[in-house]
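Analysis of the macromolecular model
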Amino acid sequence: MRLLISLCVLFIILLSPIQVQARVTVADQINEQQASYQTAVSRYSVANQQKLKNLSEQISQVNKNYTDQLERTLTIQGQILDEYQSREDDPKRIQNQLLYHTPRDQLSNGAVEKARYWLTFAQEAVAYQAAHQYIFNLRGESAIKADGRSLVNQLKSDLKILTQKALNAQIMVKKVINEK
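We now turn to the structure provided with this report. The structure presented is a predicted model; accordingly, all values stated were derived computationally and were not measured. (Residues numbered from 1 in each chain as written. Predicted model: local features only at pLDDT ≥ 70, side-chain atom pairs only at ≥ 80, totals over all residues. Heavy atoms only, no water.)

Turning to the packing of helix H3 (residues 46–88) against helix H6 (residues 144–178), a few remarks are in order. At a minimum axis separation of 11 Å, H3 and H6 run at an interaxial angle of 5°. When the interaxial angle is binned, H3 and H6 end up roughly parallel. (Axes fitted to C-alpha atoms, helices over the stretch in contact; angles between N-to-C directions. Helix = DSSP H or I, 4+ residues; strand = E, 2+ residues; numbered from the N terminus. Parallel < 35°, antiparallel > 145°, perpendicular 65-115°, else oblique.)

A contiguous nonpolar surface patch, about 370 Å² in accessible area, is contributed by Met1, Leu4 and Ile5. Here Leu4 lies in helix H1 (residues 2–15). For Leu4, a relative accessible area of 53% corresponds to the exposed category. (Patch = residues over 30% accessible without salt bridge, like charges linked within 9 Å, V, L, I, M, F, W, Y side chains within 5 Å. Areas by Shrake-Rupley, 256 points an atom, 1.4 Å probe, with all protein chains shown as cover. Salt bridge = Lys/Arg side-chain N within 4 Å of Asp/Glu carboxyl O. Buried < 20%, exposed > 50% of the residue type's maximum accessible area, 1.4 Å probe, protein only.)

With that out of the way, let us pick up H6. In this model H6 runs 50 Å from its N-terminal to its C-terminal C-alpha over 35 residues, within 8% of the 51 Å that 1.5 Å per residue would give. Inspection of H6 places Ile144, Asp147, Gly148, Leu151, Leu155, Leu159, Leu162, Ala166, Ala169, Met172, Val173 and Val176 among the buried residues, and these make up the whole buried set. (Expected span 1.5 Å × (residues − 1).)

This next bit is on the layout of surface pockets. The space that makes up the largest pocket amounts to roughly 490 Å³. At the level of elements, helix H2 (26–41), helix H5 (103–131) and H6 are the ones that each hand at least two residues to the lining of the largest pocket. Top contributing element to the lining of the largest pocket by residue count: H2, with seven residues. Grouping the constituent residues of the lining of the largest pocket by class yields eleven nonpolar, eight polar and two charged. The space that makes up the second largest pocket amounts to roughly 200 Å³. Lining the second largest pocket are 14 residues, with Ser56, Ser60, Gln133, Tyr134 and Ile135 sitting closest to its centre. At the level of secondary structure, the elements contributing two or more residues to the lining of the second largest pocket comprise H2 and H3. If you tally residues by element for the lining of the second largest pocket, the top one is H3, at five residues. Taken together, the residues of the lining of the second largest pocket break down into six nonpolar, seven polar and one charged. (1 Å grid on protein atoms, 1.4 Å probe; cavity = no way out; pocket = protein on both sides within 12 Å on 5 of 7 lines; lining within 4 Å. Points joined across faces, edges and corners; volume = space filled by probe spheres on them. Nonpolar A, V, L, I, M, F, W, Y, C, P; charged D, E, K, R; others polar.)

Rendered as structure tokens:
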């Protein structure tokens, strides 16, 4: 009897529909936040809706300007590193390296690769930040200033972290250039 009950339970478990949960993507999270924002802001006065819209545009503009500037800076650093590497790969220098190979040349190659890694890392971080959308987490019309400050502080924090990544890349490029 126990065996029959166990088999029935096992059979029911095997035939019951399996619930598959899909992975939540960043786009899903943004869409959810945007929908929540739209629902909340629709209950705000027209004046406060305009304030939120203006602040959102300012935040987006600051983010765009800052990431554009960092992107230009990192591109220039990449060009400097490319130029340095092309000069290092000059045929006369390569010929001299074959005759007088030193451990310092090995260090130079490792430093160039490390600098290139940090440049790529910083460029990816800048691209991610440029695509970032700042959406208010609204708590009510009476807390509109605090909600605005919170979003501005989040932007400041993100840009500070991004700046540190770009500075790390710059430090690595400087080390390579000043190594000689």
